[in-house]
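Observations on the three-dimensional arrangement
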Amino acid sequence: MATSHCPECGHVNPETANYCQKCGTFIGMRDGAGDEPTTTTYRVGETGEIESIDIDAEVELAGAALVIRSGGGRAGESFPMSDDRLAIGRSPEAGVFLDDVTVSRNHALLVSRADGTYIDDLGSLNGTYVNRSRIESQKLEDGDEIQVGKYKLSYLEK
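Residues numbered from 1 in each chain as written. Predicted model: local features only at pLDDT ≥ 70, side-chain atom pairs only at ≥ 80, totals over all residues. Heavy atoms only, no water.

1. Re the overall build of the protein
Across its full length, the protein holds one helix and 15 strands. Split into buried and exposed, the 158 residues of the protein put 42% on the buried side. Taking all contacts inside the protein whose residues are at least 6 apart in sequence as the whole, residues at least 24 apart take part in 30%. Of the roughly 9000 Å² of accessible surface on the protein, a fraction of 46% belongs to carbon and sulfur atoms. (Helix = DSSP H or I, 4+ residues; strand = E, 2+ residues; numbered from the N terminus. Buried < 20%, exposed > 50% of the residue type's maximum accessible area, 1.4 Å probe, protein only. Contact = heavy atoms within 4.5 Å. Areas by Shrake-Rupley, 256 points an atom, 1.4 Å probe, with all protein chains shown as cover.)

In C-alpha cells, the structure reads:
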C-alpha cells in the first residue's frame with residue numbers, strides 16, 4: 001500500500017488520505033475530486049432535522065461561529081455565537097454539546113470581551129487547545145483551530 005507523510009507532523013498516512021490520521025492536517029485531495037476539500041456546514045434544527053446552512057451568512061449574522069472539523073462524526077456542524085457567551089462541554093445545557101468522555105461536563109467558554117472573543121478553559125481534565133497549544137485563556141482570531149477532547153473546531157468571525 002502506498003503512503004504519504006504529513007507535512008505538519010510527519011505521520012505516515014495511506015496515500016488515499018485527505019487528512020492526517022494523527023494531527024488532522026489537510027494533506028490534499030487524493031481522489032481527483034478537485035483542489036479544495038468540501039464540507040457541508042449544517043446545524044441540527046429544533047425538530048432534530050439536519051439543516052444545511054451558508055456558513056458565511058451565519059458568521060455575518062452572528063459575528064462569529066464555531067464549526068466542528070472532526071470528531072464524533074459531526075464534521076460540518078456549526079454553532080453561531082449569537083450571545084456574549086457560548087459554553088462548550090458534555091453537559092446537555094452547553095451551547096456546544098460534545099457528548100464524549102474526552103470532554104468535561106463544563107469544558108470551556110467562549111466570551112465576548114471589549115477587545116475580542118476569548119476562549120477560557122474551565123479547569124477541564126484534558127485541557128483546551130488553540131492551534132495545538134494548551135491554554136487557560138486566549139483571544140481568538142479568525143481561522144483558529146480549537147481542540148476540545150477528541151473534537152477539532154474552527155473559529156470563524158467576520
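There is more to say, and it comes next.
2. With respect to the confidence of the model for the protein
With 79% of its residues at a pLDDT of 70 or more, the protein shows a mean pLDDT of 83. Below a pLDDT of 50 lies the segment residues 30-37, which in the model reaches eleven contacts outside its immediate sequence neighbourhood of four places, other chains included. (pLDDT = per-residue confidence, 0-100.)

3. Here we look at the environment of Ser4
Here Ser4 is to be found in strand S1 (residues 3-5). You can call Ser4 buried: its relative accessible area is 14%. With ten residues separating them along the chain, Ser4 and Pro14 place their C-alpha atoms 6.2 Å apart.

4. Let's talk about the packing of aromatic side chains
Under the counting rule described, the total for this entry stands at zero aromatic pairs. Its end group placed over the ring of Tyr118, Arg113 keeps NZ or CZ at 4.7 Å from the ring centre. (Phe/Tyr/Trp six-rings, centres within 6.5 Å; stacked < 30°, edge-to-face > 60°. Lys NZ or Arg CZ within 6 Å of the ring centre and 35° of its normal.)

5. Let's talk about the environment of Asp100
Within the element layout of this structure, Asp100 appears in the loop between strand S8 (96-97) and strand S9 (108-113). Under the relative-accessibility criterion, Asp100 is labelled buried at 16%. In the structure, Asp100 is positioned 51 residues away from Tyr151 in sequence and 9.1 Å away in space, judged by C-alpha atoms. The residues contacting Asp100, other than those within four sequence positions of it, are Arg90, Lys150 and Tyr151.

6. Examining the sheet that holds strand S15 (residues 151-157)
On the basis of which strands lie adjacent, the open sheet formed by six strands has the order S6-S5-S15-S14-S11-S12 and antiparallel pairing. In this open sheet, the two edge strands, each paired with only one partner strand, are strand S6 (78-80) and strand S12 (133-135). Neighbour-to-neighbour, the strand axes of the sheet open up by a mean angle of 30 degrees, direction not taken into account. Pairing of strand S5 (residues 64-70) with S6 involves three bridges; the strand directions are antiparallel. Bridge assignment links Val67 to a residue of S6, and that residue is Ser78. (Pairing = 2+ DSSP bridges. Axes fitted to C-alpha atoms, helices over the stretch in contact; angles between N-to-C directions.)

7. Topic: the pairing of strand S10 (residues 116-121)
A regular strand places its side chains on the two faces of the sheet in alternate fashion. Burial analysis of S10 places five of its six residues in the buried class, the great majority of the element. Where S9 and S10 come together, six bridges link them in antiparallel fashion. Across the sheet, Val111 pairs through a bridge with Tyr118, a residue of S10. Hairpin geometry of S9 and S10 is characterised by an intervening segment of two residues between the two adjacent antiparallel strands. Here S10 runs beside strand S13 (residues 137-139); their pairing, made up of three bridges, is antiparallel. Among the inter-strand pairings, Tyr118 is bridged to a residue of S13, identified as Lys139.

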